[in-house]
Amino acid sequence: SQPAAESTDFRAHLAAGRLAEAEAALQPAGGAATPAAAVQIAFLRLIARGETEGALARLETLRPAERKASGALWIEAFAQLLRGDGDRMLAVLQGLPEDAADATWDLGSRAYLAGLAHQLARRPDAARQEWARALARLESARTGGDDAGRRLHRADAAAPARQAREPGRAVADRTADR
C-alpha cells in the first residue's frame, strides 16, 4: 500500500482544493497518522489553510525524535517565519545541516531562511551574510554541477540577490507594525 502522503486520494483531493478530504485521506480510519503523514498534515494546515498554530499543534503530536526529522523542522521553521519569531526560527534551523535545502515543499535553503530569520529579529547585517552564503552556494552549484545543486531550489535563485539589494523588504513590509 502507498504511504498516506502519497495516496491517490490525498493528491486528488488536494488538487481539487478539498482540503478537509485531503487531510482525512492522510489519517487511517480510527488510527493515528504516521509521522510522515502528520508532517504532511502540518504542511497542509500551514500553507493551504494558513493555520500557523494548527500546524504547530500537529507537530506537537510527534515524538521528540520525529520532531527532529528534517520535514518537521522545515515546517516548524516556516511556521515561526509566519509568526514573525526570528529567534525561534533560527533555533529550529539549527537542527538542520549547514547545507540543507528543503526538497519536499520548496521552502528554500537553510541559509536563505536564516537570513529571513535574522531580518525578522532586526539583525540586517547577519541577514545579508546568510543571503550572501545562500547565493554563493547557488552560484557554486550552478557552475560546478554538484549534487548539492540539485537540492537547491528555485526559490533561492533570485531571492538572496534581491534581498542583498533590498534587505528584508518583503519581511519588513509584513512586520512594520511590530
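Preceding block: the structure.
Note that the structure is predicted; figures quoted are calculated from it, not measured.

Enquirer: Tell me about the overall build of the chain, and please be specific about residues and values.
Expert: Each helix and strand in the chain was counted, giving twelve helices and zero strands. Along the chain, from the amino end to the carboxyl end, the secondary structure elements read α-α-α-α-α-α-α-α-α-α-α-α. Classification of the 178 residues of the chain by burial places 46% in the buried group. The contacts in the chain between residues at least 6 apart in sequence include a share of 50% that link residues at least 24 apart. In the structure as shown, the chain presents an accessible area of about 9300 Å², 51% of it carried by carbon and sulfur atoms.

Enquirer: Got a sec to walk through the environment of Ala20? Specific residues and values, please.
Expert: In this structure, Ala20 sits in helix H2 (residues 19–26). When the C-alpha atoms of Ala20 and Leu44 are compared, they prove to be 9.6 Å apart, with 24 residues separating the residues in sequence.

Enquirer: Residue-level account of the environment of Ala72, with values.
Expert: Structurally, the position occupied by Ala72 is in helix H6 (residues 70–83). Classification of Ala72 as buried rests on a relative accessible area of 2%. If we skip the residues at most four places from it in the chain, Ala72 touches Val39, Leu59, Leu62, Glu66 and Arg67.

Enquirer: Go over helix H7 (residues 86–93) with me, naming the residues and quoting the values.
Expert: Taken together, the buried positions of H7 are Gly86, Met89, Leu90, Val92 and Leu93. One face of H7 carries all of its buried residues, which in axial projection span an arc of 160°. Taken together, the buried residues of H7 touch H6 and helix H8 (110–120).

Enquirer: Could you give me a rundown of the packing of H6 against H7, with the residues and numbers involved?
Expert: At a minimum axis separation of 8 Å, H6 and H7 run at an interaxial angle of 170°. Relative to H7, H6 is oriented roughly antiparallel. On H7, the residues touching Leu73, Glu76, Ala77, Gln80 and Leu81 of H6 are Arg88, Met89, Val92 and Leu93. For the contact of H6 with H7, a count of residues per class yields six nonpolar, one polar and two charged.

Enquirer: I'd like a description of the nonpolar core, backed by residues and values.
Expert: In this structure, Leu59, Ile75, Met89, Leu93, Leu113 and Leu116 are the most contacted members of the largest nonpolar core, which totals 33 residues. Taken together, the elements giving at least two residues each to this core come down to helix H3 (35–48), helix H4 (52–60), H6, H7, H8 and helix H9 (124–144). Ranked by residues supplied to this core, first place goes to H6 with eight residues. In this structure, Ala22, Ala33, Ile41 and Leu44 belong to the second largest nonpolar core, which totals seven residues.

How each quantity is defined
- Residues numbered from 1 in each chain as written.
- Predicted model: local features only at pLDDT ≥ 70, side-chain atom pairs only at ≥ 80, totals over all residues.
- Heavy atoms only, no water.
- Helix = DSSP H or I, 4+ residues; strand = E, 2+ residues; numbered from the N terminus.
- Buried < 20%, exposed > 50% of the residue type's maximum accessible area, 1.4 Å probe, protein only.
- Contact = heavy atoms within 4.5 Å.
- Areas by Shrake-Rupley, 256 points an atom, 1.4 Å probe, with all protein chains shown as cover.
- Arc of directions from axis to C-beta.
- Axes fitted to C-alpha atoms, helices over the stretch in contact; angles between N-to-C directions.
- Parallel < 35°, antiparallel > 145°, perpendicular 65-115°, else oblique.
- Nonpolar A, V, L, I, M, F, W, Y, C, P; charged D, E, K, R; others polar.
- Core = buried A, V, L, I, M, F, W, Y, C linked by side-chain atoms within 4.5 Å.

That's the geometry; what it means functionally is another story.
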